[in-house]
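Spelled out from the first residue to the last, the chains are:
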Amino acid sequence: MIVRFHIDPISQDLYEYRVTYEGEELFGDAGLSSIEECIVAATEGLGRDAVAAEVAYKGIISGTYALASLALMSEQIADHALQTAVAIEEVSL
């Protein structure tokens, strides 16, 4: 199964995430200090059925990643999610 990580800022330095599958929330957490920390926590909470995850920051999907990539490249994936959201927001103004 391919899950989706929904990551959102809740204040200037805090983030929350939810993991969903086909629109149903599986689990989540709030109060994490970075987008990367959300990705790591979400990845660690997945069961064996998950093979990949879509990463969405502020409602904008930045990509779909295999679990191995999420574990090995969480910093780069977090940066890509942020840059994608910023780029979309700039052209949407």
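Scroll up a little and you will see the structure.
Residues numbered from 1 in each chain as written. Predicted model: local features only at pLDDT ≥ 70, side-chain atom pairs only at ≥ 80, totals over all residues. Heavy atoms only, no water.

### A word on the overall build of the protein
- Scanning the protein from terminus to terminus reveals three helices and five strands.
- Beginning at the N terminus, the succession of helices and strands in the protein can be written as β-β-β-α-β-β-α-α.
- Whereas a compact globule of 93 residues would reach a radius of gyration of roughly 12 Å, the protein reaches 12 Å, a difference of no more than 12%.
- Based on the C-alpha atoms only, the size of the protein along its principal axes is roughly 40 × 25 × 25 Å.
- Out of the 93 residues in the protein, the part that is buried amounts to 34%.
- The long-range share in the protein, meaning contacts at least 24 apart out of those at least 6 apart in sequence, stands at 42%.
- When the accessible surface of the protein is split by element, carbon and sulfur atoms take 50% of a total near 5400 Å².
- Seen as two clouds, the 4 positive and the 16 negative side-chain charges of the protein have centres 5 Å apart. (Helix = DSSP H or I, 4+ residues; strand = E, 2+ residues; numbered from the N terminus. Rg over C-alpha atoms; globule rule 2.2 N^0.38 Å. Buried < 20%, exposed > 50% of the residue type's maximum accessible area, 1.4 Å probe, protein only. Contact = heavy atoms within 4.5 Å. Areas by Shrake-Rupley, 256 points an atom, 1.4 Å probe, with all protein chains shown as cover. Lys, Arg positive; Asp, Glu negative; His and termini not counted. Charge placed at Lys NZ, Arg CZ, Asp CG, Glu CD.)

### A closer look at helix α1 (residues 35–44)
- All of the buried residues along α1 are I35, C38, I39, A42 and T43. Seen from one end, α1 has its buried residues packed into an arc of 125 degrees, which puts them on one side.
- Buried-residue contacts for α1 involve β1 (2–11), β2 (14–21), β3 (24–32), β4 (52–57), α2 (67–72) and α3 (74–92). (Arc of directions from axis to C-beta.)

### Here we look at α3
- Taking 1.5 Å as the rise per residue, α3 with 19 residues should run 27 Å; its terminal C-alpha atoms sit 27 Å apart, in good agreement.
- Of all the residues in α3, the buried ones are S74, I77, A78, A81, T84 and A85. Taken end-on, α3 shows its buried residues confined to a sector of 125 degrees, consistent with a single buried face. In α3, those exposed residues whose orientation departs by more than 90 degrees from the buried face are E75, E90 and V91. (Expected span 1.5 Å × (residues − 1).)

### As for unusual backbone geometry
- One non-glycine residue, E22, adopts positive backbone phi at about 50 degrees.
- Structurally, E22 can be placed in the loop between β2 and β3.
- In this structure E22 comes out as exposed when scored by relative accessible area, which is 71%.
- If you check the backbone angles, K58 has positive phi at about 55 degrees while not being a glycine.
- Along the polypeptide, K58 turns up in the loop between β4 and β5 (60–66).

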